[in-house]
Amino acid sequence: MKEMLIMTPGPTAVAENVRLARAKVTTNPDIDLEFYDFYKRTCDKLAQFLKTKNDLRILAGEGILGLEAACASLTESGDRVLVLDNGIFGHGFAEFVELYGGQALLLQSSEKEDFDIEILEKFLEKDHDFKYATIVHCDTPSGVLNDLSKICPLLKKYGILTVVDSVAAMGGEDLQVDNWQIDIALGGSQKVLSAPPGLTIVSISPLAYQAMENRQSPIASFYCNLLTFKDYYEKNGFLTQCQFQTFMD
Ligand SMILES: *Cc1c(COP(=O)(O)O)cnc(C)c1O
């Protein structure tokens, strides 16, 4: 087939060396201990790239899986969540929040420019009782780029966890997860990284884990439960730790 130059934000054209790498022999990653090391090394490299010491996971599923997993893992019934909305992906977060029983409060700013910090400052002075807030790094249809270096530290000043959708920006724009205090940063394989679709990148801070572990009710999902993978390496196995036990129960 003739190569096509795809000019969308993603899925993008995939280079031949990347396509060929996917033709390598595969094993069963559930029981292949070498895969655990390979997976961990890859996660560690990505964490370095995102300037973070937080845990990093690569999940099999498209970008949306990461967005839903963050909301599923953090949201409990009745939780108030601040959804910063200056674009289509911006307000899209509210759907996931509400799907898992949360109360999404949308705070709007112009879709034509980056989120107005003053609007956020004024709002937070009056109301800051939120478990977490969501913000999109680059809102794809408009191309607006939000200044996470200001927004996330401001939210954290009020003790609000920060969830960032950087699916369209990760790899193309600077993303300093630790300096900017991002509790959950989300990326995908098929946008800037120019790999085929199907992988989601998720970094998770200790505070985000704490919020998941301190829940009153269990996380209402298996596939989207970020705690499932928390200690996979130390425990040496998805197979031994989760699937096998589930079969035995
Ligand atoms: C593309 C995109 C997503 C969704 O990613 P998929 O891999 O298509 O599920 C989420 N957020 C933003 C900002 C995107 O550009």
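Remember, predicted model here, so these are calculated numbers, not experimental data.

The rules behind these values
Residues numbered from 1 in each chain as written. Predicted model: local features only at pLDDT ≥ 70, side-chain atom pairs only at ≥ 80, totals over all residues. Heavy atoms only, no water. Core = buried A, V, L, I, M, F, W, Y, C linked by side-chain atoms within 4.5 Å. Buried < 20%, exposed > 50% of the residue type's maximum accessible area, 1.4 Å probe, protein only. Helix = DSSP H or I, 4+ residues; strand = E, 2+ residues; numbered from the N terminus. Contact = heavy atoms within 4.5 Å. Axes fitted to C-alpha atoms, helices over the stretch in contact; angles between N-to-C directions. Parallel < 35°, antiparallel > 145°, perpendicular 65-115°, else oblique. Left-handed = near helix turned anticlockwise from the far one by under 90°. Nonpolar A, V, L, I, M, F, W, Y, C, P; charged D, E, K, R; others polar. Near = heavy atom within 4 Å. Polar contact = N/O pair within 3.5 Å; in protein donor to acceptor, adjacent residues only side chain to side chain. Areas by Shrake-Rupley, 256 points an atom, 1.4 Å probe, with all protein chains shown as cover. Phe/Tyr/Trp six-rings, centres within 6.5 Å; stacked < 30°, edge-to-face > 60°. Lys NZ or Arg CZ within 6 Å of the ring centre and 35° of its normal.

Here we look at the nonpolar core
Membership of the largest hydrophobic core comes to 34 residues, with the highest contact counts inside it found for Leu-82, Leu-84, Leu-120, Leu-155 and Ile-182. Going through the elements one at a time, α2 (33–49), β1 (55–60), β2 (80–85), α5 (117–126), β4 (132–136) and α6 (148–157) are the ones with two or more residues in this core. Residues contacting Leu-155, with those up to four places away along its chain left out, are Leu-82, Leu-84, Leu-120, Leu-124, Ala-133, Ile-160 and Thr-162. With 33 residues, the next largest nonpolar core counts Ala-69, Leu-74, Val-81 and Ile-219 among its residues.

Considering α6
When we look at burial in α6, the residues that qualify are Leu-148, Ile-151, Cys-152, Leu-154, Leu-155 and Lys-156. Each element contacted by the buried residues of α6 is listed here: β2, α5, β4, β7 (161–165) and α7 (206–213).

Looking at the packing of helix α3 (residues 63–74) against helix α4 (residues 88–99)
Where α3 meets α4, the axes come as close as 9 Å, and the angle between the chain directions of the two elements is 45°. Of the possible angle classes, the one that applies to α3 and α4 is oblique. As α3 runs across α4, the sense of the crossing is right-handed. In contact with Ile-64, Leu-67, Glu-68 and Cys-71 of α3, α4 contributes Phe-93, Phe-96, Val-97 and Leu-99. Classifying every residue of the contact of α3 with α4 by side-chain character gives seven nonpolar, no polar and one charged.

Quick look at the site of the ligand
In the neighbourhood of the ligand, the contacting residues comprise Glu-62, Gly-63, Ile-64, Phe-89, Val-136, Cys-138, Thr-140, Asp-165, Val-167, Ala-168, Gln-190 and Lys-191. In this structure, Asp-165 approaches the ligand through a side-chain N or O atom, which is 2.6 Å from a nitrogen atom. Measuring from an oxygen atom of the ligand, one finds a side-chain N or O atom of Lys-191 at 2.7 Å. Here the ligand, which alone exposes 380 Å², has 90% of that area covered by the protein. Residues belonging to the shell around the ligand are distributed by class as follows: six nonpolar, three polar and three charged.

Topic: the packing of aromatic side chains
Taken as a whole and assessed by the stated rule, the structure comprises six aromatic pairs. Members of the aromatic cluster, connected to one another through ring pairs, are Phe-35, Tyr-36, Phe-38, Tyr-39, Tyr-232 and Tyr-233. One cation-aromatic arrangement involves Lys-40 over Tyr-233; the distance from NZ or CZ to the ring centre is 5.3 Å. Positioned above the aromatic ring of Tyr-209, the side-chain terminus of Lys-230 is 5.1 Å from the ring centre.

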